[in-house]
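Notes for the structure review
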Amino acid sequence: MRKQSDGEVFRITGARQGLADDVRGRQRRYVISMSVRTVSVVLAAVLWNVERYVAIVALALGVLLPYVAVVIANAGRENTPSLPSTFVPTPMRPVLDAAPVAGAADPGPEGDGVRRGGESA
């Protein structure tokens, strides 16, 4: 049987991501961005005499990507203004009235609800 508590109920979906997880995620995005930059610079060097326009685009990507990667990595933690409130009020349970017993008569002047033979109501 579950324990019933009359205390406050809190929702944890509005909790922010942990600091260690946040830093790990930013580091991972930065390493991926720098890997793409390295590949684009190597591609620019390889394609310089073969396909000059593709090499220029790859070189531009290699030059601009470090700035974008640093800005994204240093953007800070996420804001959570659009999440719902973390407090959820306990729902009110409806009160059930006692159901009338089938076949029972209305209580008489004695209040016991039983009719005796020979008495008239």
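Above this text you will find the structure in question.
Here the structure is a predicted model, which means the values were calculated and not measured.

**Comments concerning the overall build of the chain**
The secondary structure content of the chain amounts to two helices and two strands. For the chain, the proportion of its 121 residues judged to be buried stands at 12%. Considering only intrachain contacts with a sequence separation of at least 6, the fraction spanning at least 24 residues in the chain is 72%.

**Details of the pattern of salt bridges**
Following the criterion strictly, the structure yields two salt bridges and no others. The closest approach of N and O atoms between Arg24 and Asp21, which form a salt bridge, is 2.8 Å. Here Asp21 and Arg24 lie together in helix α1 (residues 19–47), a separation of three residues that amounts to about one turn. Here Asp21 falls in the partly exposed class, since its relative accessible area comes to 38%. Salt-bridge contacts for Asp22 lead to Arg26; the nearest nitrogen and oxygen are separated by 3.1 Å.

**Concerning the side chain of Ser33**
In this fold, Ser33 is placed in helix α1. On the basis of relative accessible area, Ser33 is assigned to the buried category, the value being 18%. Those residues in contact with Ser33 that sit more than four places away from it in its chain are Leu65 and Ala69.

**Notes on a nonpolar patch on the surface**
On the surface, Trp48, Ile56, Leu59, Val63 and Leu64 cluster together to form a nonpolar patch covering roughly 470 Å² of accessible area. With respect to the helices and strands, Val63 occurs in helix α2 (residues 52–73). The exposure class assigned to Val63 is exposed, which follows from its relative accessible area of 56%.

**Overview of the packing of α1 against α2**
Where α1 contacts α2, the axes come no closer than 8 Å and their chain directions differ by 160 degrees. Between α1 and α2, the angle is such that the two are roughly antiparallel. As for how α1 packs across α2, the hand of that crossing is left-handed. When grouped by side-chain class, the residues that make up the contact of α1 with α2 number 18 nonpolar, three polar and four charged.

Parameters and conventions
Residues numbered from 1 in each chain as written. Predicted model: local features only at pLDDT ≥ 70, side-chain atom pairs only at ≥ 80, totals over all residues. Heavy atoms only, no water. Helix = DSSP H or I, 4+ residues; strand = E, 2+ residues; numbered from the N terminus. Buried < 20%, exposed > 50% of the residue type's maximum accessible area, 1.4 Å probe, protein only. Contact = heavy atoms within 4.5 Å. Salt bridge = Lys/Arg side-chain N within 4 Å of Asp/Glu carboxyl O. Patch = residues over 30% accessible without salt bridge, like charges linked within 9 Å, V, L, I, M, F, W, Y side chains within 5 Å. Areas by Shrake-Rupley, 256 points an atom, 1.4 Å probe, with all protein chains shown as cover. Axes fitted to C-alpha atoms, helices over the stretch in contact; angles between N-to-C directions. Parallel < 35°, antiparallel > 145°, perpendicular 65-115°, else oblique. Left-handed = near helix turned anticlockwise from the far one by under 90°. Nonpolar A, V, L, I, M, F, W, Y, C, P; charged D, E, K, R; others polar.

These figures capture arrangement, not role.
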